[in-house]
Every structure is written in C-alpha cells, then in structure tokens.
Amino acid sequence: MTVTIRPAHRDDIPALADLIEEIERFYGATEIQPLAERRAQTEAALFGAAPLAHALVADSGDGDLAGMAAYAFLWPATGTTHALFLKELYVREPARRGGVGARLMAELRAVATARAGCSRMEWMADTSNPRARRFYASLGFEEVAGKVVYRIGA
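Treat the numbers as computed from the prediction; the structure is a model and nothing was measured.

Trainee: Can you help me understand the overall build of the protein in this one?
Mentor: Scanning the protein from N- to C-terminus turns up four helices and five strands. Going residue by residue from the N terminus, the α and β elements of the protein occur as β-α-α-β-β-β-α-β-α. In terms of overall dimensions, the protein is globule-like: its C-alpha atoms have a radius of gyration of 16 Å, near the 15 Å expected for 154 residues. The dimensions of the protein, computed from C-alpha atoms along their principal axes, are 40 × 35 × 30 Å. Expressed as a percentage of the 154 residues in the protein, the buried residues total 34%. Sequence-distant contacts in the protein: of pairs separated by 6 or more residues, those separated by 24 or more amount to 58%. Carbon and sulfur atoms form 54% of the exposed surface of the protein, whose accessible area is close to 9,900 Å². Computed over 18 positive and 19 negative side-chain charges, the separation of the two mean positions in the protein equals 5 Å.

Trainee: Is there a simple way to explain the sheet that holds strand E3 (residues 65-74) in this structure?
Mentor: As a general point, the strands of a sheet are linked pairwise by backbone hydrogen bonds and lie either parallel or antiparallel. Pairing is mixed across the open sheet formed by five strands, whose spatial order is E1-E2-E3-E4-E5. Of all the strands in the sheet, just strand E1 (4-7) and strand E5 (118-123) have a single pairing partner and so form its edges. Strand-to-strand twist across the sheet, computed as the mean angle between neighbouring axes with direction ignored, equals 25°.

Trainee: Honestly, the packing of helix H1 (residues 13-26) against helix H2 (residues 35-47) in this entry has me stumped. Any pointers?
Mentor: Each pair of packed helices gets described by two things: the angle between the helix axes and the distance between those axes. At a minimum axis separation of 9 Å, H1 and H2 run at an interaxial angle of 115°. Between H1 and H2, the interaxial angle falls into the category roughly perpendicular. Note that H1 runs across H2; the crossing there is right-handed. Together, Ile13, Pro14, Leu16, Ala17, Asp18, Ile20 and Glu21 of H1 and Leu35, Arg38, Arg39, Thr42, Glu43, Leu46 and Phe47 of H2 make up the contact between the two elements. Its residues assigned to classes, the contact of H1 with H2 comprises eight nonpolar, one polar and five charged.

Trainee: Got a minute to help me understand the nonpolar core in this structure?
Mentor: Most often, soluble globular proteins keep nonpolar side chains buried together rather than apart. With 21 residues, the main nonpolar core has Leu104 and Leu108 as its most contacted residues. When contributions to this core are tallied by element, the ones reaching two or more residues are strand E2 (54-59), E3, strand E4 (82-91), helix H3 (100-114), E5 and helix H4 (130-138). In terms of residue count, H3 provides more of this core than any other element does, five residues in total. Apart from residues no more than four positions distant in its own chain, Leu108 is found in contact with Leu56, Ala69, Tyr71, Leu84, Leu86 and Met121. Formed by 13 residues, the second largest nonpolar core is a distinct cluster that contains Ala8, Ile23, Leu46 and Ala53.

Basis of the calculations
- Residues numbered from 1 in each chain as written.
- Predicted model: local features only at pLDDT ≥ 70, side-chain atom pairs only at ≥ 80, totals over all residues.
- Heavy atoms only, no water.
- Helix = DSSP H or I, 4+ residues; strand = E, 2+ residues; numbered from the N terminus.
- Rg over C-alpha atoms; globule rule 2.2 N^0.38 Å.
- Buried < 20%, exposed > 50% of the residue type's maximum accessible area, 1.4 Å probe, protein only.
- Contact = heavy atoms within 4.5 Å.
- Areas by Shrake-Rupley, 256 points an atom, 1.4 Å probe, with all protein chains shown as cover.
- Lys, Arg positive; Asp, Glu negative; His and termini not counted.
- Charge placed at Lys NZ, Arg CZ, Asp CG, Glu CD.
- Pairing = 2+ DSSP bridges.
- Axes fitted to C-alpha atoms, helices over the stretch in contact; angles between N-to-C directions.
- Parallel < 35°, antiparallel > 145°, perpendicular 65-115°, else oblique.
- Left-handed = near helix turned anticlockwise from the far one by under 90°.
- Nonpolar A, V, L, I, M, F, W, Y, C, P; charged D, E, K, R; others polar.
- Core = buried A, V, L, I, M, F, W, Y, C linked by side-chain atoms within 4.5 Å.

Okay, structure coming up:
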C-alpha cells in the first residue's frame, strides 16, 4: 500500500472522524459520539482559534486514511524546553505491518527535531497492548521504568 505521510488538512475532517470512531472501537468503546459532534470537535481541536493538537495522517490517496498520529507540545520538559507528546498512533488493519506506523513515527521525530526548543518526544502504550509494545521495541525504543499514569474524568 502506498501512502503519503503529511500534516492533516481541514478537508481530512470527515476521514479523521471516521478513523476516530474506529480507534474508539479498537479500545472497546460501545457508545460512540455522534458523527456531527466528532467532526466539530476534530475541527476545533486541530484547526480552531487555539488548536489543542496537531495530526499527521497516512493518506492512501483514495479518500480514506490508512492511519494517523495525534500529538501536542508540552511545556516544560527539561528545564525550559518542551516535548512533543504523541497521544495516539493508529494504523488501520490493512496497512499494519507495512511500514506505515514506522513512517509516522519517523515523521513525528522529524517534527520534534525541527522545532526549536523541543528536547524530546514522549508517548505511552497500554500494558495490555503487547503488539504496540513490540512495535515500539522493533523501532529501537525502550520502555521508561518508574512512571505511573494518573487519570480522572473531567
């Protein structure tokens, strides 16, 4: 499968909203936000007056997306630097094991490296997702011991 890795555009919102539903179902959600709300929130998050996040997409050229990487910059990281935080890396099943995830990770690393003051890139993987953990290990990334994630609903 041939894909192009690029920043998301506004005209990707319908395809991103579909992909987000697939991601939610992948994580076991049974109640999915209505499509119109997903589209509006995706647009506001990525392209609003004060964007909350950025996304790279794996564009298959046929109107669908093979995958995406959603990220934001966090401050402070080390001293007064900031970090690229990868919130979600997802590749659709037909494109898995074809290098799309590795290409998304490489492009994210390039984005982080190109941004002045960005000292690192960070992300998490569920301990219950051994495929993701093996994928990151195959790219040469090591798990960081000593971190505990806390979460509370808003």
